[in-house]
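So the chains spell out like this:
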Amino acid sequence: MALSCGIVGLPNVGKSTIFNALTRSGHALAANYPFATIEPNIGEVPVPDDRLDVLAEIVGTTRIVYATTRFVDIAGLVRGASKGEGLGNAFLSHIRETDAVAMVVRCFEDANVTHVEGAVDPIRDIEIVGIEMALADLATMARRKERLEREARADAKLRGTLAAAERLVAELEDGRPARMFEPGSPEAELARESFLLTSKPMLYVANVDESQIGAPGAWAQKVIERAAQERGQAIVLSGKIEAELAGLPEADAKEFCRELGIERSGLDQLILAAYEALGLMTFLTAGPKEARAWTIERGTKAPAAAGKIHSDIERGFIRAEVVAYEDYARLRSLEAVRAAGLLRSEGKDYVMQEGDVVEFLFKVSM
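Residues numbered from 1 in each chain as written. Predicted model: local features only at pLDDT ≥ 70, side-chain atom pairs only at ≥ 80, totals over all residues. Heavy atoms only, no water.

Novice: Give me the lowdown on the pattern of salt bridges, citing residues and values where you can.
Specialist: For the structure on display, the rule yields 27 salt bridges. One salt bridge connects R51 with D49, and the closest N-O pair in it is separated by 2.8 Å. Taken individually, R51 and D49 each receive the classification buried, so the pair is uniform in this respect. For E255, the salt bridge goes to R258, with nearest N and O atoms at 2.8 Å. (Salt bridge = Lys/Arg side-chain N within 4 Å of Asp/Glu carboxyl O. Buried < 20%, exposed > 50% of the residue type's maximum accessible area, 1.4 Å probe, protein only.)

Have a look at this one:
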């Protein structure tokens, strides 16, 4: 199962429009009323990677296979979602099943599109969704803490876990998400094990109008500042423009982007940011049959990476022949890379790096 990023937000902020543009589909109903989306829509999205075009040219192949990320369009949350308002319990459970969250907030005025809160205020919207997620987490942690209190009386080893639960509850009560704890800390590990909503990596998506492309307005700037305060990321895009781009042939879409003065579409930025937030990275293979990007988690060692291609390669792993993409692209052939001493032989303990171009050598089992 591919790692997934849930798209959340209040109703009528552009979630389904953005999802449809991401997946180049009309599967998600985009409508001017709350709860147009009931069941989550799911789509696999290719991760943009210009390196594959270069590798395909070098090795002389026409087949390119991109890595993918899974996006889940989740129905709009409202105040009281954690208590069941607007079918909130079901929608919160959909968030729980994702690995990261992209929160879409509206940063534009439009008299034709109603706002469920009556007026545009992206920071208020962020706080509404954040509070509902935190309240759901508090209910989860209250049950966990109560169980730990009983178990810690009989097992002193659990007292540290109980203390971590108490600190988690205190932070959630103060309005701070569980993801603010340092990765690897007892609190972060407990939050992960408890599937807390606020422990998931968060991306903020400021949905702006066309006038703000390349020059985000005051509302979008506040979203960017909020993300920085939380050590997170913010993407600024126009759902309307992205929907238009998604409906164009690739060459026309690139020309449209040039006219708008942008190098990469907002959706491409969102996909890449989600990929990074999910803790993923890419290694590359290139040969006469195809140039391909493979998805692995950061910190993956060479044999496990080989297993992404085929389990037999992992079982029979001998070594990995590795060259950095930048060197390959500059020298334009493996012969030149080898002559320059830049082709490395790596063993079982090698930790894969972003952009490694690899050939795995393995023993065929009989």
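Novice: Can you break down the layout of surface pockets residue by residue, with the values?
Specialist: Quantified by volume, the largest pocket comes out at close to 1,000 Å³. Lining the largest pocket we find 32 residues, and of these R179, S199, K200, P201 and A277 sit closest to its centre. For the lining of the largest pocket, the residue count by class is 15 nonpolar, six polar and 11 charged. A volume near 880 Å³ is recorded for the second largest pocket. Lining the second largest pocket are 30 residues, and of these R24, P48, E250, K254 and D268 lie nearest its centre. Those elements giving two or more residues to the lining of the second largest pocket turn out to be α1 (15–23), β2 (41–46), α8 (239–246), α9 (250–260) and α10 (266–277). Examining the composition of the lining of the second largest pocket, we find that five residues originate from one element, α9, more than from any other. (1 Å grid on protein atoms, 1.4 Å probe; cavity = no way out; pocket = protein on both sides within 12 Å on 5 of 7 lines; lining within 4 Å. Points joined across faces, edges and corners; volume = space filled by probe spheres on them. Nonpolar A, V, L, I, M, F, W, Y, C, P; charged D, E, K, R; others polar. Helix = DSSP H or I, 4+ residues; strand = E, 2+ residues; numbered from the N terminus.)

Novice: Describe in detail the nonpolar core, supporting the description with residues and values.
Specialist: Residues I18, L22, F71, I95, M103 and L270 are the most contacted members of the largest nonpolar core, which totals 67 residues. I95 has contacts with V8, I74, L77, V101, M133, L197 and K200, leaving out every residue within four places of it along the chain. Counting 17 residues, the second-largest nonpolar core is a separate cluster that includes M141, A165, L168 and L172. (Core = buried A, V, L, I, M, F, W, Y, C linked by side-chain atoms within 4.5 Å. Contact = heavy atoms within 4.5 Å.)

Novice: So, the packing of helix α5 (residues 159–173) against helix α6 (residues 186–193): which residues are in play, and what are the values?
Specialist: Interaxial distance between α5 and α6 falls to 9 Å at its minimum, and their mutual angle equals 85 degrees. Between α5 and α6, the angle falls in the class roughly perpendicular. Residues T161, A164, A165, R167 and L168 of α5 lie in contact with α6, whose contacting residues are P186, E187, L190 and A191. Considered class by class, the residues forming the contact of α5 with α6 number six nonpolar, one polar and two charged. (Axes fitted to C-alpha atoms, helices over the stretch in contact; angles between N-to-C directions. Parallel < 35°, antiparallel > 145°, perpendicular 65-115°, else oblique.)

Novice: Outline α1, listing residues and values.
Specialist: Taking burial as the measure, the nine residues of α1 include eight buried ones, the bulk of the element. Remark: R24 follows α1 within two positions and exhibits a positive phi of approximately 50 degrees.

Novice: Residue-level account of unusual backbone geometry, with values.
Specialist: With the exception of glycine, most residues fall at negative phi, and the peptide bonds are largely trans. For N12, which is not glycine, the phi torsion reads 65 degrees and is therefore positive. Relative to the helices and strands, N12 resides in the loop between β1 (4–8) and α1. Residues other than glycine seldom take positive phi values, yet R231 does so here, at roughly 60 degrees. Looking at where R231 falls in the secondary structure, it is placed in the loop between α7 (218–229) and β7 (233–237).

Novice: Tell me what's going on with helix α11 (residues 302–309), and back it up with residues and numbers.
Specialist: One full turn of an α-helix is made of 3.6 residues, so residues set three or four places apart face in the same direction. Within the span of α11, buried status applies to A302, P303, A305 and A306. Buried residues of α11, viewed axially, fall in a sector of 160 degrees; they line one side. Buried residues along α11 sit against β8 (280–286), β9 (291–297), α12 (311–315), β10 (317–324) and β12 (356–362). (Arc of directions from axis to C-beta.)

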